[in-house]
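# Structure assessment
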Amino acid sequence: MKIFLDTANLEAIRKFNDMGLLDGITTNPSLMSKEGGDPKKVMEEITKIIKGDVSLEVVSTQYSGMIEEGKRLRQYGENVIVKVPMTPDGLKACKYLSSQGIPVNVTLVFSPNQALLAAKSGAKYVSPFIGRLDDVGQDGMSLIQDIKKIFDNYNFGTQILVASIRHPMHVVEAAKIGAHVVTLPPAVLDKMLQHPLTDIGLENFLSDWKKLKAGI
Ligand code: E4P
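Presented here is a report on the structure given in the accompanying data block. Everything numeric in this text was worked out from a predicted model, so none of it was measured.

### Regarding the sheet that holds strand β1 (residues 2-6)
Spatial strand order, β1-β2-β3-β4-β5-β6-β7-β8: eight strands in a closed barrel with parallel pairing. Across the sheet, the mean angle separating the axes of adjacent strands is 30 degrees when strand polarity is ignored. Summarising the sheet, strand β4 (residues 80-85) and strand β5 (residues 104-109) pair through four bridges and their orientation is parallel. Looking at β5, one finds that Val84 is bridged to Val106. Most of the contacts of helix α6 (residues 112-120) go to β5, to which it runs at about 165 degrees, and overall it touches β5 and β6 (125-128).

Encoded structure:
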């Protein structure tokens, strides 16, 4: 399973990239706005640091604007994936950009049918938002199960990019279903690294070694 980081924070991107954990990055207008500064510089820097796919989102809601922005965003690097919303204009832009060799991530997907339509439009990725479904009392993870079954039934090449992840168990569940990608907020990836028994075990090893009063 591929791991993307869901952030525009350069420090977090460098930190996890240095551990060899990142296959890509997803951003959105809210994440860009949270970091402040000049978004162009941030996008330029992210695409320099990360070799894998970097999703950069259009802010236009009209087809022609999406195409224009998509082409501009793609200039940040060959690894840029243009992110468009799951709307009629978004799907039209997805079809066009994909036909031009510009890969697309269709975002804000909340139903199996939306995922099916995004795949038909030629999307490289679909992004179902599971945490936001959980937030409104629906079972986000069952959406991933449904999409996986549909894509497998018809051999769609579109990858399921599980988004809006809130905690480490979401990752375990997505991996068990066989989703292709999870995109994680840095805080979730931090939690996945940790286990109290690792900390206790290390503390014990070090204090036992000290008793030897020897070097390595
Ligand atoms: C996906 O690409 C989105 O950026 C993201 O996962 C949204 O998550 P949120 O519901 O935590 O904002």
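### Observations regarding the site of the ligand
If you check the shell around the ligand, you find Asp6, Thr26, Asn28, Leu31, Lys83, Phe129, Arg132, Ala163, Ser164 and Arg166 and nothing else. At 2.7 Å from an oxygen atom of the ligand is found a side-chain nitrogen or oxygen belonging to Lys83. At 2.9 Å from an oxygen atom of the ligand is found a side-chain nitrogen or oxygen belonging to Arg166. When the ligand is considered free in solution it has 340 Å² of accessible area, and contact with the protein chains removes 86% of it.

### A word on the packing of aromatic side chains
The full count for this structure, using the stated rule, is four aromatic pairs. With a centroid separation of 5.5 Å and 65 degrees between ring planes, the pair formed by Phe151 and Phe156 is classed as edge-to-face. A relative accessible area of 2% places Phe151 in the buried class. Cluster of aromatic residues (ring-pair linked, three or more members): Phe151, Tyr154 and Phe156. Just above the ring of Tyr63 sits the side chain of Lys92; from NZ or CZ to the centre is 4.4 Å.

About the thresholds
Residues numbered from 1 in each chain as written. Predicted model: local features only at pLDDT ≥ 70, side-chain atom pairs only at ≥ 80, totals over all residues. Heavy atoms only, no water. Pairing = 2+ DSSP bridges. Helix = DSSP H or I, 4+ residues; strand = E, 2+ residues; numbered from the N terminus. Axes fitted to C-alpha atoms, helices over the stretch in contact; angles between N-to-C directions. Contact = heavy atoms within 4.5 Å. Near = heavy atom within 4 Å. Polar contact = N/O pair within 3.5 Å; in protein donor to acceptor, adjacent residues only side chain to side chain. Areas by Shrake-Rupley, 256 points an atom, 1.4 Å probe, with all protein chains shown as cover. Phe/Tyr/Trp six-rings, centres within 6.5 Å; stacked < 30°, edge-to-face > 60°. Buried < 20%, exposed > 50% of the residue type's maximum accessible area, 1.4 Å probe, protein only. Lys NZ or Arg CZ within 6 Å of the ring centre and 35° of its normal.

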